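Coordinates in review
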Amino acid sequence: MKKILPLKHGLRGTLEIPGDKSVSHRSIMLSSLGTTPVEVTNFLAGADCLSTVACMKALGATIERAGDTVSVTGNGLRGLREPDNVLDAGNSGTTLRLLMGLLAPQKFLTTFTGDDSLRQRPMARVIKPLTEAGATIVGRNANRNLPITILPAASKLRGITYRMPVASAQVKSAILLAGLYADAPTTVIEPAPSRDHTEKMLAAFGARLERSGNAITIFPAEKLTAPEKISVPGDISSAAYWLVLATILDGSDVTIRNVGVNETRTGILDVLKSMGATIELLNERTSGGERAADLRVVSSNLRGVEFGGAIIPRLIDEIPALAVAAAFAEGTTIIRDVAELRVKETDRLAAIVDEFNKISPATFEATDDSLIIHGGREKFFAECKTRADHRMAMSLAIFGAAAQGVALDDDACVKISYPNFFDGLA
Ligand code: S3P
């Protein structure tokens, strides 16, 4: 049981956040496909990215880690080898789905499993396009869930054109990675732009990609050329908790250093600003193909807003934090087109309604695919369940800190994406 006390005054000062989870995963995977050593700095040593490290080691890459610096040397694009055991993706959808794309074209067998949460999450969305390209993949529950086995590819995969039914960077990335090994170019069409870290990093490794509207084409590659260094920007999804908390607590003035502000990730800044937040981007720069900036946030009064559609993939992981902001806003906030939240680490729409209402009764309502938040209602101390979901735990912690305190049944799950979150809060 972790008890969070209410904060009596605003947040002030400067804060560093850990490296970006999405970029950390990709830096390990792609570096493992080169032939020369890569030094990855500001790597997120969270449990999810460590699952990726363990999987890539099992596939033959040489990986050494000292804190948040990782040295990776691969055996080339065609140098992965058959793992001698089941690969465990833990809690990490990114590890699993991206590696399914990378391993579908290989001439060896791989079996994956994962934790209680990941074993429930939908995998047909990856199996379907990879099967269309010629891969043979079987899984539990009529090819929907882990455990999953990828059979050795009998021949090269086909280049396909695939229109994705949901905007998902994980599915898109899986198809693009498989496309590196295909017999012809592979095109994936997204319903709305999702995070493009895979495309950016593949290009930095010398792969040929073309984008036209929402269609991305990757050309088969002979080899990838690894850069000497990859510097991972801070994770805007981790910054989100401080952006929200500093905004809603009176008297705050905080600068969060070195935050990744890739266009496909900054939906939270757009929404908070439209609610009345004061957020400034300072020292904007590009590092390793990704934009980064320092974010200064001062307290502001918020008002309810309505949003949905194409912005959702640009803030999908920040909705629990935004729901906290909306509970402190004047008026009602309506968030549409968020059915994907039902298949994250937990059903986050149900979790928000069940747990957040304990702190602020009659505030949160959900439909199949939307979230409605009635701002400004009375807030109480409550005992809440995180459902072992890192983003629920951190959102509940800032909610309690800004309200009358909260007791969480489990705080260990923050290790997935932000191991020292509670030190930051303290
Ligand atoms: C991620 C993509 C998103 C996001 C997840 C990380 C990635 O998932 O929710 O935390 O690194 O590609 P989906 O692609 O399933 O939307």
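Residues numbered from 1 in each chain as written. Predicted model: local features only at pLDDT ≥ 70, side-chain atom pairs only at ≥ 80, totals over all residues. Heavy atoms only, no water.

**Overview of the overall build of the protein chain**
The helix and strand inventory of the protein chain stands at 13 helices and 23 strands. Compactness check: the protein chain gives a C-alpha radius of gyration of 21 Å against a globular reference of 22 Å for 426 residues, within 12% of the reference. Overall size of the protein chain, expressed as C-alpha extent along the three principal axes, is 60 × 45 × 40 Å. Here the protein chain holds 426 residues, and 59% of them are scored as buried. Within the protein chain, residue pairs in contact and separated by at least 24 positions form 76% of the contacts whose partners lie at least 6 positions apart. Accessible surface for the protein chain amounts to roughly 15900 Å². Of this, 49% is attributable to carbon and sulfur atoms. Side chains of the protein chain carry 47 positive and 48 negative charges; the gap between the two charge centres is 3 Å. (Helix = DSSP H or I, 4+ residues; strand = E, 2+ residues; numbered from the N terminus. Rg over C-alpha atoms; globule rule 2.2 N^0.38 Å. Buried < 20%, exposed > 50% of the residue type's maximum accessible area, 1.4 Å probe, protein only. Contact = heavy atoms within 4.5 Å. Areas by Shrake-Rupley, 256 points an atom, 1.4 Å probe, with all protein chains shown as cover. Lys, Arg positive; Asp, Glu negative; His and termini not counted. Charge placed at Lys NZ, Arg CZ, Asp CG, Glu CD.)

**A closer look at the pairing of strand β16 (residues 278–287)**
Direction of pairing for β16 relative to strand β17 (residues 290–298): antiparallel, over a ladder of 8 bridges. Residue pairing across strands places L281 opposite L295, the latter belonging to β17. Linkage of β16 to β17, two consecutive antiparallel strands, is achieved through a turn of 2 residues, within which G288 is found at a positive phi near 55°. (Pairing = 2+ DSSP bridges.)

**A few points about the nonpolar core**
The nonpolar side chains of a soluble globular protein tend to be buried with one another. Core analysis: the largest hydrophobic core is formed by 76 residues, its most contacted members being L272 and F421. Non-local contacts of F421, meaning those with residues more than four positions away in its chain, are made with Y241, W242, M394, A397, I398 and V414. (Core = buried A, V, L, I, M, F, W, Y, C linked by side-chain atoms within 4.5 Å.)

**Quick look at the packing of helix α10 (residues 319–327) against helix α12 (residues 390–402)**
Between α10 and α12, the shortest axis-to-axis distance is 9 Å and the interhelical angle comes to 20°. On the basis of their axis angle, the class for α10 and α12 is roughly parallel. Two packed elements cross with a definite hand, and for α10 against α12 that hand is right-handed. For the pair α10 and α12, contact is made by P320, A321, V324 and A327 and by R391, S395, I398 and F399, respectively. When the residues that make up the contact of α10 with α12 are grouped by side-chain class, the tally is 6 nonpolar, 1 polar and 1 charged. (Axes fitted to C-alpha atoms, helices over the stretch in contact; angles between N-to-C directions. Parallel < 35°, antiparallel > 145°, perpendicular 65-115°, else oblique. Left-handed = near helix turned anticlockwise from the far one by under 90°. Nonpolar A, V, L, I, M, F, W, Y, C, P; charged D, E, K, R; others polar.)

Function-wise, these values are silent; they only describe arrangement.
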